[in-house]
Amino acid sequence: MSKKINYYFIGIGGIGMSALAEILLSRGKAVSGSDLVEIPITKNLKKLGAKVYLGHSEKNISKNVDRVVVSAAISDKNPEIREAQKLGIPIMTRGELLGELMDEKTGIAIAGTHGKTTTSSLIAHIFESAKLHPTFVVGGEVGNIGHHAGDGRGEYFIAETCEYKRFFKDIHPNIAIITNIEEDHMDYYKDLDDIRSAFADFTGNVKKEGMLVACFDDENVRDVVENFSGRVISYGIANGNLNYKASDFSIEENVQKFKVHKNGSYLGTFEIRIPGIHSIMNATAAIAVALECNIKIGIIKECVANFKGAGRRIETKGEKNGVLVIDDYAHHPTEIQATLRAIKSFYPKRKVWCVFQPHQHSRTRILLNNFVGALTEADEIVIPKIYPVRDTAEDIASISGEDLSKLLAKKGKASHYIPEFKDVAKYLKEKVKENDIVVTMGAGPVNEVGEIYLSIS
(Lines give C-alpha, C1' and ligand atoms only; values in the text may rest on other atoms or scores of the structure.)
Protein backbone atom coordinates (compact mmCIF):
# COMPACT_ATOMS: atom_id res chain seq x y z
CA MET A 1 0.00 0.00 0.00
CA SER A 2 1.25 3.46 -0.88
CA LYS A 3 2.23 5.77 1.94
CA LYS A 4 0.28 8.51 0.17
CA ILE A 5 -3.09 6.90 0.86
CA ASN A 6 -5.26 9.07 3.12
CA TYR A 7 -7.81 7.06 5.12
CA TYR A 8 -10.98 8.55 6.60
CA PHE A 9 -12.82 6.50 9.27
CA ILE A 10 -16.51 7.17 9.86
CA GLY A 11 -17.01 6.16 13.50
CA ILE A 12 -13.29 6.24 14.28
CA GLY A 13 -13.89 5.97 18.06
CA GLY A 14 -15.25 2.42 17.84
CA ILE A 15 -13.05 -0.26 19.36
CA GLY A 16 -12.52 -2.08 16.04
CA MET A 17 -12.22 1.03 13.89
CA SER A 18 -9.73 2.70 16.22
CA ALA A 19 -7.57 -0.44 16.27
CA LEU A 20 -7.15 -0.37 12.49
CA ALA A 21 -6.61 3.40 12.54
CA GLU A 22 -3.78 2.94 15.05
CA ILE A 23 -2.10 0.29 12.92
CA LEU A 24 -2.22 2.55 9.86
CA LEU A 25 -0.85 5.47 11.89
CA SER A 26 2.04 3.34 13.12
CA ARG A 27 2.86 2.60 9.47
CA GLY A 28 3.02 6.28 8.59
CA LYS A 29 -0.34 6.51 6.83
CA ALA A 30 -2.47 9.66 6.90
CA VAL A 31 -5.54 9.00 9.06
CA SER A 32 -8.55 11.16 9.83
CA GLY A 33 -12.11 10.44 10.88
CA SER A 34 -15.16 11.42 12.84
CA ASP A 35 -17.27 10.33 15.75
CA LEU A 36 -20.16 11.75 17.73
CA VAL A 37 -18.38 12.41 21.02
CA GLU A 38 -14.84 12.72 22.29
CA ILE A 39 -13.73 9.75 24.38
CA PRO A 40 -10.32 8.47 25.57
CA ILE A 41 -9.94 6.46 22.35
CA THR A 42 -10.35 9.54 20.12
CA LYS A 43 -8.03 11.56 22.36
CA ASN A 44 -5.37 8.88 22.00
CA LEU A 45 -5.78 8.81 18.22
CA LYS A 46 -5.18 12.56 18.13
CA LYS A 47 -1.97 12.09 20.11
CA LEU A 48 -0.87 9.49 17.56
CA GLY A 49 -1.41 11.96 14.72
CA ALA A 50 -4.97 11.43 13.52
CA LYS A 51 -7.28 14.33 12.75
CA VAL A 52 -10.59 13.64 14.49
CA TYR A 53 -13.80 15.58 13.85
CA LEU A 54 -16.68 15.61 16.34
CA GLY A 55 -19.95 14.99 14.55
CA HIS A 56 -20.60 13.67 11.05
CA SER A 57 -20.63 16.31 8.31
CA GLU A 58 -20.10 16.33 4.57
CA LYS A 59 -17.67 19.20 5.17
CA ASN A 60 -15.26 16.71 6.78
CA ILE A 61 -14.79 14.87 3.48
CA SER A 62 -12.42 16.45 0.96
CA LYS A 63 -10.91 15.36 -2.33
CA ASN A 64 -7.69 14.63 -0.42
CA VAL A 65 -9.32 11.53 1.07
CA ASP A 66 -8.37 8.38 -0.86
CA ARG A 67 -10.40 5.80 1.05
CA VAL A 68 -13.37 6.00 3.38
CA VAL A 69 -13.69 3.20 5.96
CA VAL A 70 -17.09 2.47 7.51
CA SER A 71 -18.27 0.21 10.32
CA ALA A 72 -21.46 -1.85 10.36
CA ALA A 73 -23.06 0.74 12.65
CA ILE A 74 -22.98 3.49 10.00
CA SER A 75 -26.09 4.04 7.89
CA ASP A 76 -25.95 4.57 4.12
CA LYS A 77 -27.74 7.86 4.81
CA ASN A 78 -24.74 9.21 6.72
CA PRO A 79 -23.77 12.60 5.22
CA GLU A 80 -20.09 11.65 5.01
CA ILE A 81 -20.88 8.50 3.04
CA ARG A 82 -23.06 10.50 0.68
CA GLU A 83 -20.33 13.09 0.18
CA ALA A 84 -17.75 10.36 -0.48
CA GLN A 85 -20.06 8.83 -3.08
CA LYS A 86 -20.58 12.24 -4.66
CA LEU A 87 -16.81 12.79 -4.90
CA GLY A 88 -16.20 9.26 -6.20
CA ILE A 89 -14.05 8.26 -3.22
CA PRO A 90 -13.82 4.46 -2.72
CA ILE A 91 -15.73 3.25 0.35
CA MET A 92 -14.59 0.09 2.13
CA THR A 93 -15.90 -1.73 5.19
CA ARG A 94 -13.85 -2.31 8.31
CA GLY A 95 -13.84 -6.01 7.40
CA GLU A 96 -12.37 -5.32 3.96
CA LEU A 97 -9.58 -3.22 5.47
CA LEU A 98 -8.88 -5.84 8.14
CA GLY A 99 -8.73 -8.54 5.49
CA GLU A 100 -6.35 -6.46 3.38
CA LEU A 101 -4.01 -5.88 6.31
CA MET A 102 -4.17 -9.51 7.45
CA ASP A 103 -3.23 -10.78 3.99
CA GLU A 104 0.20 -9.22 4.46
CA LYS A 105 0.95 -11.66 7.32
CA THR A 106 0.02 -15.08 8.70
CA GLY A 107 -3.53 -14.46 9.81
CA ILE A 108 -5.19 -15.88 12.94
CA ALA A 109 -8.90 -14.99 13.05
CA ILE A 110 -11.08 -15.69 16.08
CA ALA A 111 -14.84 -15.99 15.52
CA GLY A 112 -17.87 -17.17 17.49
CA THR A 113 -20.95 -15.87 19.24
CA HIS A 114 -19.16 -15.74 22.61
CA GLY A 115 -15.60 -15.78 23.91
CA LYS A 116 -13.92 -14.02 20.98
CA THR A 117 -12.34 -11.18 22.96
CA THR A 118 -10.95 -13.32 25.78
CA THR A 119 -9.60 -15.95 23.38
CA SER A 120 -8.04 -13.29 21.12
CA SER A 121 -6.51 -11.51 24.11
CA LEU A 122 -4.93 -14.68 25.49
CA ILE A 123 -3.53 -15.66 22.08
CA ALA A 124 -2.05 -12.17 21.68
CA HIS A 125 -0.54 -12.38 25.19
CA ILE A 126 1.02 -15.79 24.50
CA PHE A 127 2.46 -14.77 21.13
CA GLU A 128 3.81 -11.50 22.56
CA SER A 129 5.40 -13.33 25.51
CA ALA A 130 6.98 -15.82 23.08
CA LYS A 131 8.67 -12.79 21.44
CA LEU A 132 6.87 -13.36 18.16
CA HIS A 133 5.90 -9.65 18.06
CA PRO A 134 2.41 -10.13 16.59
CA THR A 135 0.10 -7.51 15.15
CA PHE A 136 -3.21 -7.78 16.97
CA VAL A 137 -6.70 -6.29 16.83
CA VAL A 138 -8.96 -7.21 19.76
CA GLY A 139 -12.42 -6.01 20.85
CA GLY A 140 -11.23 -5.07 24.33
CA GLU A 141 -8.07 -4.14 26.16
CA VAL A 142 -5.62 -7.04 26.54
CA GLY A 143 -4.92 -6.86 30.27
CA ASN A 144 -1.31 -8.03 30.08
CA ILE A 145 -0.45 -5.73 27.17
CA GLY A 146 -2.55 -2.72 28.20
CA HIS A 147 -4.09 -2.00 24.81
CA HIS A 148 -6.54 -3.39 22.25
CA ALA A 149 -4.28 -3.08 19.20
CA GLY A 150 -0.63 -3.39 18.32
CA ASP A 151 1.43 -3.33 15.13
CA GLY A 152 4.16 -5.89 15.63
CA ARG A 153 7.05 -6.63 13.31
CA GLY A 154 6.48 -10.40 13.50
CA GLU A 155 4.79 -12.67 10.98
CA TYR A 156 1.44 -13.16 12.78
CA PHE A 157 -1.70 -11.02 12.59
CA ILE A 158 -4.20 -11.93 15.35
CA ALA A 159 -7.70 -10.52 14.96
CA GLU A 160 -11.09 -10.88 16.59
CA THR A 161 -13.76 -11.09 13.90
CA CYS A 162 -17.54 -10.75 14.03
CA GLU A 163 -20.40 -12.46 12.25
CA TYR A 164 -22.69 -9.38 12.21
CA LYS A 165 -23.60 -8.55 8.60
CA ARG A 166 -21.14 -11.29 7.62
CA PHE A 167 -18.29 -8.97 8.63
CA PHE A 168 -15.80 -11.85 8.42
CA LYS A 169 -16.59 -12.61 4.77
CA ASP A 170 -13.58 -10.51 3.74
CA ILE A 171 -11.14 -12.25 6.12
CA HIS A 172 -8.90 -14.98 4.65
CA PRO A 173 -6.91 -16.36 7.61
CA ASN A 174 -4.31 -19.07 7.78
CA ILE A 175 -5.81 -20.18 11.10
CA ALA A 176 -9.48 -19.72 12.02
CA ILE A 177 -10.96 -20.37 15.46
CA ILE A 178 -14.70 -20.85 16.05
CA THR A 179 -15.62 -20.85 19.75
CA ASN A 180 -19.39 -21.44 19.41
CA ILE A 181 -22.41 -20.57 17.26
CA GLU A 182 -25.76 -19.37 18.63
CA GLU A 183 -28.69 -17.16 17.64
CA ASP A 184 -27.70 -13.50 17.79
CA HIS A 185 -27.95 -10.41 15.60
CA MET A 186 -31.47 -11.44 14.62
CA ASP A 187 -32.08 -7.94 13.27
CA TYR A 188 -29.86 -9.10 10.38
CA TYR A 189 -30.06 -12.90 10.19
CA LYS A 190 -33.25 -14.75 9.29
CA ASP A 191 -32.67 -17.74 11.56
CA LEU A 192 -30.03 -20.05 12.99
CA ASP A 193 -29.54 -21.75 9.61
CA ASP A 194 -28.68 -18.36 8.13
CA ILE A 195 -26.09 -17.82 10.87
CA ARG A 196 -24.60 -21.28 10.30
CA SER A 197 -24.32 -20.55 6.59
CA ALA A 198 -22.35 -17.37 7.37
CA PHE A 199 -19.89 -19.33 9.51
CA ALA A 200 -19.64 -21.99 6.81
CA ASP A 201 -18.71 -19.29 4.31
CA PHE A 202 -16.11 -18.00 6.77
CA THR A 203 -14.49 -21.44 7.03
CA GLY A 204 -14.36 -21.51 3.24
CA ASN A 205 -12.07 -18.48 3.42
CA VAL A 206 -9.37 -20.35 5.35
CA LYS A 207 -6.29 -20.61 3.17
CA LYS A 208 -5.60 -24.00 1.60
CA GLU A 209 -2.56 -24.74 3.75
CA GLY A 210 -4.29 -23.44 6.89
CA MET A 211 -6.39 -24.98 9.64
CA LEU A 212 -9.66 -24.59 11.50
CA VAL A 213 -9.60 -24.78 15.31
CA ALA A 214 -13.13 -25.65 16.37
CA CYS A 215 -14.99 -26.24 19.63
CA PHE A 216 -16.55 -29.67 19.20
CA ASP A 217 -18.67 -29.28 22.34
CA ASP A 218 -20.90 -27.02 20.24
CA GLU A 219 -23.32 -28.87 17.94
CA ASN A 220 -23.64 -25.94 15.52
CA VAL A 221 -19.86 -25.71 15.19
CA ARG A 222 -19.67 -29.46 14.46
CA ASP A 223 -22.34 -29.07 11.77
CA VAL A 224 -20.39 -26.27 10.10
CA VAL A 225 -17.09 -28.16 10.30
CA GLU A 226 -18.57 -31.20 8.53
CA ASN A 227 -18.35 -29.37 5.21
CA PHE A 228 -14.85 -28.02 5.77
CA SER A 229 -12.31 -29.73 3.52
CA GLY A 230 -9.13 -28.56 5.23
CA ARG A 231 -7.31 -29.50 8.41
CA VAL A 232 -9.45 -29.43 11.58
CA ILE A 233 -8.15 -29.17 15.15
CA SER A 234 -10.89 -30.01 17.64
CA TYR A 235 -11.03 -28.90 21.27
CA GLY A 236 -13.48 -29.02 24.18
CA ILE A 237 -14.31 -30.69 27.46
CA ALA A 238 -16.93 -33.24 26.37
CA ASN A 239 -16.23 -36.93 25.95
CA GLY A 240 -15.02 -38.01 22.56
CA ASN A 241 -11.99 -37.99 20.32
CA LEU A 242 -10.70 -34.44 20.67
CA ASN A 243 -7.31 -33.14 19.60
CA TYR A 244 -7.23 -30.93 22.72
CA LYS A 245 -9.31 -31.84 25.73
CA ALA A 246 -9.60 -30.04 29.07
CA SER A 247 -10.69 -32.00 32.15
CA ASP A 248 -10.46 -32.39 35.95
CA PHE A 249 -11.47 -28.86 36.92
CA SER A 250 -11.01 -27.49 40.42
CA ILE A 251 -10.97 -24.10 42.15
CA GLU A 252 -8.44 -23.24 44.84
CA GLU A 253 -8.21 -19.71 46.29
CA ASN A 254 -9.75 -18.08 43.20
CA VAL A 255 -7.57 -20.03 40.79
CA GLN A 256 -9.02 -22.58 38.38
CA LYS A 257 -6.92 -25.67 37.68
CA PHE A 258 -7.48 -28.00 34.74
CA LYS A 259 -5.66 -30.76 32.88
CA VAL A 260 -5.12 -30.72 29.12
CA HIS A 261 -4.56 -33.71 26.87
CA LYS A 262 -3.41 -33.56 23.24
CA ASN A 263 -4.55 -36.51 21.14
CA GLY A 264 -4.92 -38.49 24.37
CA SER A 265 -1.46 -37.62 25.72
CA TYR A 266 -1.26 -35.63 28.96
CA LEU A 267 0.23 -32.16 28.47
CA GLY A 268 0.02 -30.98 32.07
CA THR A 269 -2.08 -29.10 34.59
CA PHE A 270 -2.83 -25.47 33.78
CA GLU A 271 -3.98 -22.63 36.03
CA ILE A 272 -6.08 -19.61 35.13
CA ARG A 273 -7.08 -16.73 37.39
CA ILE A 274 -10.36 -15.77 35.72
CA PRO A 275 -13.52 -17.68 36.67
CA GLY A 276 -15.88 -19.92 34.73
CA ILE A 277 -15.83 -23.08 32.67
CA HIS A 278 -16.12 -20.84 29.61
CA SER A 279 -12.76 -19.30 30.56
CA ILE A 280 -11.20 -22.78 30.55
CA MET A 281 -12.75 -23.42 27.13
CA ASN A 282 -11.32 -20.17 25.77
CA ALA A 283 -7.94 -20.98 27.29
CA THR A 284 -7.98 -24.44 25.66
CA ALA A 285 -8.55 -22.84 22.25
CA ALA A 286 -5.60 -20.52 22.84
CA ILE A 287 -3.41 -23.39 24.04
CA ALA A 288 -4.25 -25.36 20.88
CA VAL A 289 -3.39 -22.46 18.57
CA ALA A 290 -0.13 -21.70 20.38
CA LEU A 291 1.05 -25.32 20.34
CA GLU A 292 0.13 -25.72 16.68
CA CYS A 293 2.32 -22.66 16.03
CA ASN A 294 5.20 -24.38 17.86
CA ILE A 295 5.28 -22.17 20.95
CA LYS A 296 6.88 -23.95 23.90
CA ILE A 297 4.45 -25.35 26.43
CA GLY A 298 6.31 -23.72 29.33
CA ILE A 299 5.65 -20.26 27.89
CA ILE A 300 2.00 -21.15 27.26
CA LYS A 301 1.48 -22.43 30.82
CA GLU A 302 3.02 -19.32 32.30
CA CYS A 303 0.91 -17.03 30.11
CA VAL A 304 -2.36 -18.80 30.95
CA ALA A 305 -1.49 -18.60 34.66
CA ASN A 306 -0.67 -14.88 34.62
CA PHE A 307 -3.39 -13.85 32.15
CA LYS A 308 -5.23 -10.80 33.46
CA GLY A 309 -8.18 -11.18 31.13
CA ALA A 310 -9.62 -8.66 28.70
CA GLY A 311 -11.18 -5.30 29.38
CA ARG A 312 -14.83 -5.50 30.46
CA ARG A 313 -14.66 -9.30 30.74
CA ILE A 314 -15.24 -10.08 34.45
CA GLU A 315 -13.04 -7.07 35.12
CA THR A 316 -12.61 -5.98 38.74
CA LYS A 317 -13.22 -2.23 38.88
CA GLY A 318 -12.64 -1.65 42.57
CA GLU A 319 -13.83 -2.25 46.12
CA LYS A 320 -15.61 0.09 48.51
CA ASN A 321 -16.62 -0.61 52.11
CA GLY A 322 -16.18 -4.34 51.50
CA VAL A 323 -18.30 -4.28 48.30
CA LEU A 324 -16.54 -5.68 45.22
CA VAL A 325 -17.46 -4.05 41.88
CA ILE A 326 -17.04 -6.13 38.71
CA ASP A 327 -17.84 -5.15 35.12
CA ASP A 328 -18.63 -7.44 32.20
CA TYR A 329 -19.58 -6.97 28.55
CA ALA A 330 -22.11 -9.84 28.51
CA HIS A 331 -25.20 -8.88 26.51
CA HIS A 332 -26.50 -12.26 25.29
CA PRO A 333 -28.36 -14.66 27.64
CA THR A 334 -25.74 -17.41 27.33
CA GLU A 335 -22.97 -14.95 28.23
CA ILE A 336 -24.96 -13.53 31.15
CA GLN A 337 -25.60 -16.96 32.64
CA ALA A 338 -21.99 -18.08 32.18
CA THR A 339 -20.61 -14.88 33.73
CA LEU A 340 -22.90 -14.93 36.76
CA ARG A 341 -22.21 -18.61 37.40
CA ALA A 342 -18.47 -17.97 37.04
CA ILE A 343 -18.53 -15.15 39.59
CA LYS A 344 -20.55 -17.23 42.04
CA SER A 345 -18.09 -20.11 41.64
CA PHE A 346 -15.31 -17.85 42.94
CA TYR A 347 -17.47 -16.14 45.58
CA PRO A 348 -20.07 -18.75 46.64
CA LYS A 349 -20.97 -17.11 49.95
CA ARG A 350 -21.42 -13.55 48.72
CA LYS A 351 -24.64 -11.90 47.52
CA VAL A 352 -24.45 -10.95 43.85
CA TRP A 353 -26.24 -7.85 42.58
CA CYS A 354 -26.50 -7.62 38.80
CA VAL A 355 -27.04 -4.26 37.11
CA PHE A 356 -27.92 -5.37 33.60
CA GLN A 357 -28.46 -2.86 30.82
CA PRO A 358 -30.14 -4.60 27.86
CA HIS A 359 -28.36 -3.87 24.58
CA GLN A 360 -30.74 -3.27 21.66
CA HIS A 361 -34.53 -3.33 21.91
CA SER A 362 -34.96 -5.90 19.14
CA ARG A 363 -32.51 -8.34 20.78
CA THR A 364 -34.28 -7.86 24.13
CA ARG A 365 -37.67 -8.58 22.59
CA ILE A 366 -36.57 -11.63 20.58
CA LEU A 367 -34.62 -13.25 23.45
CA LEU A 368 -36.76 -11.94 26.32
CA ASN A 369 -37.50 -15.26 28.04
CA ASN A 370 -33.86 -16.30 27.68
CA PHE A 371 -32.78 -13.08 29.40
CA VAL A 372 -35.17 -13.79 32.26
CA GLY A 373 -33.78 -17.29 32.70
CA ALA A 374 -30.17 -16.13 32.61
CA LEU A 375 -30.61 -13.23 35.04
CA THR A 376 -32.20 -15.44 37.69
CA GLU A 377 -28.62 -16.57 38.43
CA ALA A 378 -28.15 -13.24 40.28
CA ASP A 379 -29.48 -12.70 43.80
CA GLU A 380 -30.87 -9.23 43.08
CA ILE A 381 -31.22 -7.40 39.79
CA VAL A 382 -31.40 -3.76 38.69
CA ILE A 383 -32.44 -2.94 35.12
CA PRO A 384 -31.70 0.53 33.66
CA LYS A 385 -33.25 1.69 30.40
CA ILE A 386 -32.33 -0.26 27.28
CA TYR A 387 -29.32 0.91 25.26
CA PRO A 388 -30.67 1.43 21.71
CA VAL A 389 -28.56 0.17 18.80
CA ARG A 390 -29.83 -0.03 15.21
CA ASP A 391 -33.38 0.02 16.65
CA THR A 392 -36.37 1.29 14.70
CA ALA A 393 -39.11 3.37 16.34
CA GLU A 394 -41.23 0.21 16.29
CA ASP A 395 -38.50 -1.75 18.09
CA ILE A 396 -38.19 0.92 20.78
CA ALA A 397 -41.94 1.03 21.33
CA SER A 398 -42.19 -2.77 21.56
CA ILE A 399 -40.32 -3.30 24.83
CA SER A 400 -38.67 -1.52 27.74
CA GLY A 401 -36.33 -2.36 30.58
CA GLU A 402 -39.34 -2.20 32.88
CA ASP A 403 -40.97 -5.08 30.98
CA LEU A 404 -37.93 -7.26 31.65
CA SER A 405 -37.84 -6.24 35.31
CA LYS A 406 -41.51 -7.11 35.78
CA LEU A 407 -41.03 -10.56 34.24
CA LEU A 408 -38.16 -11.22 36.62
CA ALA A 409 -40.35 -10.18 39.55
CA LYS A 410 -43.00 -12.65 38.37
CA LYS A 411 -40.34 -15.35 38.62
CA GLY A 412 -39.88 -14.40 42.26
CA LYS A 413 -36.60 -12.49 41.78
CA ALA A 414 -35.90 -9.21 43.55
CA SER A 415 -35.81 -6.92 40.52
CA HIS A 416 -35.92 -3.14 40.19
CA TYR A 417 -36.33 -0.92 37.13
CA ILE A 418 -34.29 2.26 37.60
CA PRO A 419 -33.83 4.03 34.24
CA GLU A 420 -30.91 6.40 34.95
CA PHE A 421 -27.38 5.37 35.92
CA LYS A 422 -26.94 8.01 38.61
CA ASP A 423 -30.12 6.81 40.32
CA VAL A 424 -28.97 3.18 40.09
CA ALA A 425 -25.69 4.12 41.81
CA LYS A 426 -27.57 5.97 44.59
CA TYR A 427 -29.85 2.95 45.09
CA LEU A 428 -26.88 0.62 45.37
CA LYS A 429 -25.25 2.92 47.91
CA GLU A 430 -28.37 2.67 50.06
CA LYS A 431 -28.96 -1.08 49.70
CA VAL A 432 -25.74 -3.05 49.20
CA LYS A 433 -23.95 -4.36 52.25
CA GLU A 434 -20.42 -5.32 53.17
CA ASN A 435 -19.29 -8.50 51.41
CA ASP A 436 -21.83 -8.04 48.56
CA ILE A 437 -20.74 -8.05 44.91
CA VAL A 438 -22.05 -5.59 42.32
CA VAL A 439 -21.76 -6.73 38.70
CA THR A 440 -22.45 -4.18 35.98
CA MET A 441 -23.27 -5.98 32.76
CA GLY A 442 -24.02 -5.11 29.16
CA ALA A 443 -22.45 -3.94 25.89
CA GLY A 444 -23.51 -0.33 26.46
CA PRO A 445 -21.94 2.18 28.89
CA VAL A 446 -23.37 0.46 31.99
CA ASN A 447 -19.83 0.32 33.43
CA GLU A 448 -20.45 3.97 34.34
CA VAL A 449 -22.75 2.78 37.15
CA GLY A 450 -19.84 1.12 38.93
CA GLU A 451 -17.66 4.18 38.41
CA ILE A 452 -20.32 6.46 39.88
CA TYR A 453 -20.91 4.08 42.80
CA LEU A 454 -17.20 3.88 43.62
CA SER A 455 -16.90 7.69 43.50
CA ILE A 456 -19.87 8.45 45.81
CA SER A 457 -18.61 9.64 49.21
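Reference entry: report on the structure contained in this document. These numbers come from a predicted model, not from an experiment.

1. Some words on the overall build of the chain
Consideration 1: Helix and strand counts for the chain come out as 16 helices and 21 strands.
Consideration 2: The C-alpha radius of gyration of the chain comes to 22 Å, within 12% of the 23 Å expected for a compact globule of 457 residues.
Consideration 3: Considered along the principal axes of its C-alpha atoms, the chain spans approximately 60 × 55 × 40 Å.
Consideration 4: Working note: accessible area of the chain is about 19,400 Å², and carbon and sulfur atoms make up 47% of it.

2. A closer look at the pattern of salt bridges
Consideration 1: In total, this model carries 23 salt bridges according to the counting rule given.
Consideration 2: Here Glu-38 ties to Lys-46 by a salt bridge, and the two come within 2.7 Å at their closest N and O atoms.
Consideration 3: Taking the relative accessible area as the measure of exposure, Lys-46 reaches 36% and is therefore partly exposed.
Consideration 4: Across the pair Glu-292 and Arg-231 runs a salt bridge whose closest N-O atoms are separated by 2.6 Å. Taken together, the positions of Glu-292 in helix α8 (residues 277-292) and Arg-231 in strand β12 (residues 231-236) put the pair 61 residues apart, joining distant regions of the chain.

3. As for helix α1 (residues 15-26)
Consideration 1: For α1, built from twelve residues, the straight-helix expectation of 16 Å at 1.5 Å per residue is met to within 8% by its first-to-last C-alpha distance of 17 Å.
Consideration 2: For α1, the tally of buried residues reaches ten of twelve residues, placing the bulk of the element in the interior.
Consideration 3: Along α1, the positions that sit buried rather than exposed are Gly-16, Met-17, Ser-18, Ala-19, Leu-20, Ala-21, Glu-22, Ile-23, Leu-24 and Leu-25.

4. A few points about the sheet that holds β12
Consideration 1: An order of β8-β7-β9-β6-β10-β11-β12-β13-β14-β15 is seen for the ten strands of this open sheet, with the pairing classed as mixed. The open sheet is flanked by β8 (147-150) and β15 (265-272), the only strands paired with a single partner. Taking each pair of neighbouring strands and ignoring which way they run, the sheet shows an average axis angle of 20°.
Consideration 2: Note: strand β13 (residues 244-252) against strand β14 (residues 255-262), seven bridges, orientation antiparallel. Its bridge partner being in β14, Ser-250 is matched across the sheet by Lys-257.
Consideration 3: Contacts from helix α9 (residues 297-306) reach β14 and β15, with the element oriented near 30° to β15.

5. So, the packing of aromatic side chains
Consideration 1: Applying the stated criterion across every chain, the model contains ten aromatic pairs.
Consideration 2: Judged by centre distance (6.3 Å) and plane angle (35°), the ring pair of Tyr-8 and Tyr-53 falls under tilted. Taken together, the residues Tyr-8 in strand β1 (residues 6-10) and Tyr-53 in strand β3 (residues 51-54) connect sequence positions 45 residues apart.
Consideration 3: Using a relative accessible area of 0% as the deciding quantity, one classes Tyr-8 as buried.

6. Observations regarding unusual backbone geometry
Consideration 1: One non-glycine residue with positive phi stands out, namely His-133, at about 50°.
Consideration 2: Along the polypeptide, His-133 turns up in the loop between α5 (116-129) and β7 (135-142).

7. Digging into the pairing of β14
Consideration 1: Between β13 and the antiparallel strand that follows it, β14, lie two residues; Glu-253 among them carries a positive phi value of about 50°.
Consideration 2: Both β14 and β15 contribute to a ladder of seven bridges, which runs antiparallel. Bridged to Lys-257 within β15 is Glu-271.
Consideration 3: Adjacent in sequence and paired antiparallel, β14 and β15 are bridged by two residues, among which Asn-263 carries a positive phi angle near 50°.

8. Considering the nonpolar core
Consideration 1: Grouped together as the largest cluster of nonpolar side chains are 45 residues, with contacts concentrated most on Phe-9, Val-31, Leu-97, Phe-157 and Phe-199.
Consideration 2: Counting residues per element, this core draws most heavily on α1, which supplies seven residues.
Consideration 3: In this structure, Phe-199 is in contact with Ala-111, Gly-112, Thr-113, Glu-163, Phe-168, Ile-178, Asn-180, Ile-181 and Val-224, ignoring residues within four places of it in sequence.
Consideration 4: In terms of nonpolar packing, the next biggest core, distinct from the first, is built from 43 residues, Ala-124, Val-142, Tyr-235 and Ile-272 among them.

9. With respect to the sheet that holds strand β21 (residues 437-441)
Consideration 1: Ordered in space as β16-β17-β21-β18-β19-β20, the six strands form an open sheet in which the pairing is mixed. Lying at the two open borders of the sheet, with one neighbouring strand each, are β16 (315-320) and β20 (414-417). Pairwise comparison of adjacent strand axes, ignoring direction, gives a mean angle of 20° for this sheet.
Consideration 2: Two elements, strand β17 (residues 323-328) and β21, share five bridges in a ladder whose sense is parallel. Looking across to β21, one finds that Ile-326 is bridged to Val-439.

10. Let's talk about helix α15 (residues 421-431)
Consideration 1: Looking at α15, one finds that the buried residues are Phe-421, Val-424, Ala-425, Tyr-427 and Leu-428. Down the axis, α15 shows its buried residues gathered within 160° of arc, on one side only.
Consideration 2: In the core, the buried residues of α15 are packed alongside β18 (352-356), β19 (380-383), β20, β21 and α16 (447-455).

11. Some remarks on the packing of α5 against α9
Consideration 1: Remark: α5 packs on α9, axes separated minimally by 9 Å, with the N-to-C direction vectors making an angle of 130°. What the angle tells us is that α5 and α9 run oblique. In the packing of α5 onto α9, the handedness of the crossing is right-handed. For the pair formed by α5 and α9, the contact residues are Leu-122, His-125, Ile-126 and Ser-129 on the first element and Ile-299, Ile-300, Cys-303, Val-304 and Asn-306 on the second.
Consideration 2: Here the residues of the contact of α5 with α9 are counted per class, giving six nonpolar, three polar and no charged.

Scoring rules and cut-offs
Residues numbered from 1 in each chain as written. Predicted model: local features only at pLDDT ≥ 70, side-chain atom pairs only at ≥ 80, totals over all residues. Heavy atoms only, no water. Helix = DSSP H or I, 4+ residues; strand = E, 2+ residues; numbered from the N terminus. Rg over C-alpha atoms; globule rule 2.2 N^0.38 Å. Areas by Shrake-Rupley, 256 points an atom, 1.4 Å probe, with all protein chains shown as cover. Salt bridge = Lys/Arg side-chain N within 4 Å of Asp/Glu carboxyl O. Buried < 20%, exposed > 50% of the residue type's maximum accessible area, 1.4 Å probe, protein only. Expected span 1.5 Å × (residues − 1). Pairing = 2+ DSSP bridges. Axes fitted to C-alpha atoms, helices over the stretch in contact; angles between N-to-C directions. Contact = heavy atoms within 4.5 Å. Phe/Tyr/Trp six-rings, centres within 6.5 Å; stacked < 30°, edge-to-face > 60°. Core = buried A, V, L, I, M, F, W, Y, C linked by side-chain atoms within 4.5 Å. Arc of directions from axis to C-beta. Parallel < 35°, antiparallel > 145°, perpendicular 65-115°, else oblique. Left-handed = near helix turned anticlockwise from the far one by under 90°. Nonpolar A, V, L, I, M, F, W, Y, C, P; charged D, E, K, R; others polar.

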